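# A structural walkthrough
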Amino acid sequence: MNERALLFTDVVDSTALIARVGDEPAAAIWAEHDRCARQLLAQHAGVEIDRTDGFFLLFDQVGDAAGFALAYHREIAEIGLAARVGLHHAAVTLRPNPGADIARGAKPIEVEGLAKPLAARIMSLARGGQTLLSDAARNALGDAPGGTQLQAHGHYRLKGVEEPQALFELGSESSAFTPPADTEKAYRVVRADELWRPLREVRHNLAPERDAFIGRSAELRQLALRLESGVRLLTALGVGGTGKTRLVRRYGLAWLGEWPGGVYFCDLSEARSVEGICFAVASALDVPLGKDDPVVQLGHAIAARRRCLVILDNFEQVVQHAPSSLARWLDRAGEASFVVTSRERLQLLGEEVFAVEPLALDGEAVELFATRARAQRPGFVLDDTTRAAVADIVEMLDGLPLAIELAAARVRVLSPTQIVQRLKDRFVLLAGARGAAARQATLQAAIDWSWDLLAPWEQAALAQCSVFEGGFTLEAAEAVLDLSQWPDAPVVMDTVQALVDKSLLRARHPEAAQRLEIDEPYFGMYLSIRAYTAAKLERGSASAADASRRRYGRFYARYGSEDNIESLSRHGGFKRRRMLFRDIENLVSACRNATAHSDLEIAVPAYAAACEVFEMQGPASLGIDLGRQLLPRLAADDARRATATRVLAKALVGAGRGKEAEPLLVESIALCRRLGQRRGECLALSALGLLHRNQGLLVEAQHDLEQALQVAREVGNRIDEGRALGDIATLHSIQGRLEEAERLYAASLAIHRETGNRGSEGSVLANRATLANGVGRLQEARALCEQALVIHLESGNRRHIAGLHGILGTLETGLGHPQAAIEHFAQALDHARTTGARMDESVMQLNLAAVHLDGGALDEADRLLRAALATARDIPNPRIEGAVLTNLGELRMRQGALDEAGEHLQQGEAKLRQVGDLLELAKLRCIQGMLHAAQSQLDAARAALVEAAATYEALGSSPQSELARCLDALRKRIG
């Protein structure tokens, strides 16, 4: 006899499959199933013994069998099948059949011994997609393979097997690990009073489920693990409607066998005292109460049942009685465990909290809606038309199961799209069916239940929290919440903590905060609770509501002062900048509210702070919309109008709408000069200079920037002086005055480092990298890029990060790494589109097109160049337009359209000469030279070569530069 791993598989509902699809399509599915299985069998060193609706397989090692089982589930799931798998390890006798019998259809090998039917019994217990192992197989396997887990499922009595068998499940981390259900030939048993007793004899009062239980597999598994680890008091905590009761009842039914002393569900929704608690528990345990202390009597009764589970549902309204009831039972019944559902922590020693969150929006929530909708309207299906609307519904309802079920009930009279539209009045829409528990009959009733349990100051605090948009910090709450009306109210910090403990505020770390490395807790409300409390605030005192909104606006407006915005780029300011990114929803809301009420003291600085975020993170369009709403309110306030026009103009420039921005900047400069706002004048002059640079008006740009530099020096603002020097340096770089550009960049960088202006330091490093890359100093360019990238990643400036990816893409192009270049340019293009930076978008389209052009992908290059040209002309930006036309000319030349190529190059030359971009002009002249050579115009080709070579020498470009490569190609072409 030899020890082997025996593995049985069986496809679930195979007969139903044939009946549903027909014999011929089913045969094709089975053929694909067998091919997948046998291919995996070869990979995992197994042997096929028999085949029916599944397989009987042998393996030398349990690890090979386990690997096969995991891969088998994955493979057949892709063809729409699910199978149960059983695995056992034992000694078997292998008996070969004679050749003549094999020729007549016999199996090559017969497997004899008790192990075979035992493995088959184990398989029969498994659910679809589940792999069950015997105790012997689990011991032979050892640790679970990487990325998988083993879960014990207790003991089962198998027909024909003397002793109960311990069973285990092998699955992925996302598996539900639900214990197998009893069958006619196998059932779960528990050890009680020295005997193995059927699980179905375990006492319980759990009602059977009336409809399908959806999702929550991970939560059920975590709940089971927590209780298995020895936790004796576990509070399932969550806001009303999250499905706490349904979850713990499901656990009780599925894991009943873990509690030989019984599982007892106690509904405390009507209890208001210790006596009420005792009455509910006594009813659940079927214990008559006598004249003695009921708490003591029930403690003895629970202790007598030894390892049992008591579920106390809806404990929130009797939390104050927990020490005099539940705490005493915990002390007296040492083997019992208690699961409590509550909207508030119990604050008992030994309590562990199990947070019940809403359903995952992208999966379980949609599935719940669809399942409940089908129960109301059997023909309901999720298709392309309904899926998007259902996704909107569950998102608007925060994934709360109660709200989703109430919404799904409306499909009898409304389409999902109509439900979305009517969710603006959610408390009318989400009225439940008659017969539901009062506290769950409507969404409003569920929230009323929690509201009524609050102290007056807690109600006031929660209502005031509704002014926040998206979330808030403790600092913000302390600035906005006013509890002075109640002398006995605790401080705001303690009130916020109490509301978190009652599940009405969520303490969380939003994805944006995690990405920005902010570890400060951020508080928020579910949308339904926010709508409810906002209505409470509006129905209260109008003056109190207005005061709350004004405190809210003042808190966020402080971010928009010139000093605060300036500090965001200095050493230590990046964390405040990241916090500004996180608070963008509140900044926008504060700006909108203040604009609507003409509260300009709040509206203008809130707008300035919001646009600081839009400039770095996008979208620029929102900054434009806010500014267009604000500006008409500033007709009589020149001081604030000077700021708002400049901020709006910068947003317009970022969106590529320079023509609209220019008059606003001119107005801002005039207002600042009349009011003596020298700092504002400097900022507006700088913005106008950059706009003129983008428009190719280099003389005007030089004049604007030198004026800005003069103002900065007159008022002694070193930061503005450093920025102006850097901007003037870029002008020199564009026009080929590289030595002067290098000198000014060095002076600018020194000032930024002296003043600790990290953001501007990163910008200068990036511009120097562009200069070095343009003349072929590639290693220097890469080093400068890496230094700048560290700074901009730290600051979270997405627009600058996009620019650096563009430079790195150009570097990789020069080094002959086209795929790496495409990846950098694609990232940069994605950032540009996210932020709404149209100029950056056109540059990255141009760069991507150039790589595709070099690689011979002419159609893709053509598409990208056309898009880049349209954007460059719309902005307008003649420098980018000239570069795009250069590439279009080369593309048409390769396509053989020489006349069209000549037209593009002629137009591009005019644009580049207009802006004085010598480097791009030299590259264009090389392309023109190639075209002249192709047209046998050798004198013209040589003239282009001479001009481009002169520029090469004047710029001091290296042999590794792109211009050097263009010159070499032209020389070879001329011959």
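In case you missed it, the structure is sitting above this.
Thresholds, definitions, all that
- Residues numbered from 1 in each chain as written.
- Predicted model: local features only at pLDDT ≥ 70, side-chain atom pairs only at ≥ 80, totals over all residues.
- Heavy atoms only, no water.
- Helix = DSSP H or I, 4+ residues; strand = E, 2+ residues; numbered from the N terminus.
- Buried < 20%, exposed > 50% of the residue type's maximum accessible area, 1.4 Å probe, protein only.
- Areas by Shrake-Rupley, 256 points an atom, 1.4 Å probe, with all protein chains shown as cover.
- Lys, Arg positive; Asp, Glu negative; His and termini not counted.
- Charge placed at Lys NZ, Arg CZ, Asp CG, Glu CD.
- Pairing = 2+ DSSP bridges.
- Axes fitted to C-alpha atoms, helices over the stretch in contact; angles between N-to-C directions.
- Parallel < 35°, antiparallel > 145°, perpendicular 65-115°, else oblique.
- Left-handed = near helix turned anticlockwise from the far one by under 90°.
- Contact = heavy atoms within 4.5 Å.
- Nonpolar A, V, L, I, M, F, W, Y, C, P; charged D, E, K, R; others polar.
- Disulfide = S-S within 2.5 Å.
- Arc of directions from axis to C-beta.

With that settled, the discussion passes to the overall build of the chain. Scanning the chain from N- to C-terminus turns up 45 helices and 17 strands. Along the first, second and third principal axes, the C-alpha set of the chain runs to 100 × 95 × 55 Å. Within the chain, buried positions represent 55% of all 975 residues. A total accessible area of about 41700 Å² is found for the chain, and carbon and sulfur atoms account for 50% of it. Computed over 112 positive and 127 negative side-chain charges, the separation of the two mean positions in the chain equals 2 Å.

On to the pairing of strand β8 (residues 165–172), then. Across the eight residues of β8, seven count as buried, placing the element largely inside the fold. Relative to β8, strand β6 (residues 131–134) is paired through four bridges, and the arrangement is antiparallel. By the bridge assignment for β8, L133 is matched with F168.

The next subject is the packing of helix α27 (residues 600–617) against helix α29 (residues 638–654). For the pair α27 and α29, interaxial distance at closest approach is 10 Å and the crossing angle is 20 degrees. Compared by their axis directions, α27 and α29 come out roughly parallel. In this structure, α27 meets α29 at a crossing whose hand is left-handed. Residues L600, E601, V604, Y607, A608, C611 and E615 of α27 pack against R640, T643, A644, V647, L648 and K650 of α29. A breakdown of the residues in the contact of α27 with α29 according to their chemical character gives eight nonpolar, one polar and four charged.

Moving on, we get to the packing of α27 against helix α28 (residues 620–630). Where α27 contacts α28, the two axes come as close as 10 Å, and the packing angle between them is 165 degrees. One element, α27, and the other, α28, form an angle in the roughly antiparallel class. In this structure, the crossing between α27 and α28 has a hand that is left-handed. Where α27 abuts α28, its residues L600, A603, V604, Y607, C611 and F614 lie against L622, G623, L626, G627 and L630. For the contact of α27 with α28, a count of residues per class yields nine nonpolar, two polar and no charged.

Here we take up unusual backbone geometry. The omega torsion of the bond from G618 to P619 falls at -5 degrees, within 30 degrees of zero and hence cis. Relative to the elements of secondary structure, P619 occurs in the loop between α27 and α28. Going from I875 to P876, the amide bond is cis rather than trans, its omega being -10 degrees. Note that P876 resides in the loop between α40 (858–874) and α41 (878–894). Notably, R216 is not glycine yet its phi reads approximately 65 degrees, a positive angle. Within the secondary structure, R216 sits in the loop between β10 (195–198) and α7 (217–228).

Applying the stated criterion across every chain yields a total of zero disulfides. This cysteine, C926, is not joined by any disulfide, and C966 carries the nearest cysteine sulfur, 5.1 Å off. On the accessibility criterion, C966 (19% relative accessible area) is buried.

Here the focus is the environment of F168. For F168, the position within the fold is in strand β8. With 113 residues separating them along the chain, F168 and F55 place their C-alpha atoms 21 Å apart. Sequence-distant contacts of F168, that is, excluding residues within four places in its chain, are made with T131, L132, L133, S134, D135, R138, Q151 and A152.

This part covers α28. Among all positions in α28, only A620, G623, I624, L626, G627 and L630 are buried. Across the axial projection of α28, the buried residues extend over an arc of 165 degrees, all falling on one side. If you follow the buried residues of α28, they end up packed against α26 (584–596), α27, α29 and α38 (818–835).

Turning our eyes to something else, we now look at the sheet that holds strand β14 (residues 337–342). Strand order in this open sheet of five strands is β12-β13-β14-β11-β15, and the pairing throughout is parallel. Edge positions in the sheet fall to β12 (263–267) and β15 (351–355), since each has one partner strand and no second. Strand after strand, the sheet turns through a mean of 20 degrees between neighbouring axes, direction not considered. Across five bridges, strand β11 (residues 233–237) lies against β14 in parallel orientation. Opposite L233, over in β14, you have F338 as the bridge partner. Helix α8 (residues 244–254) rests against β11, β12, β13 (309–313), β14 and β15 of the sheet, and its axis sits at about 155 degrees to β14.

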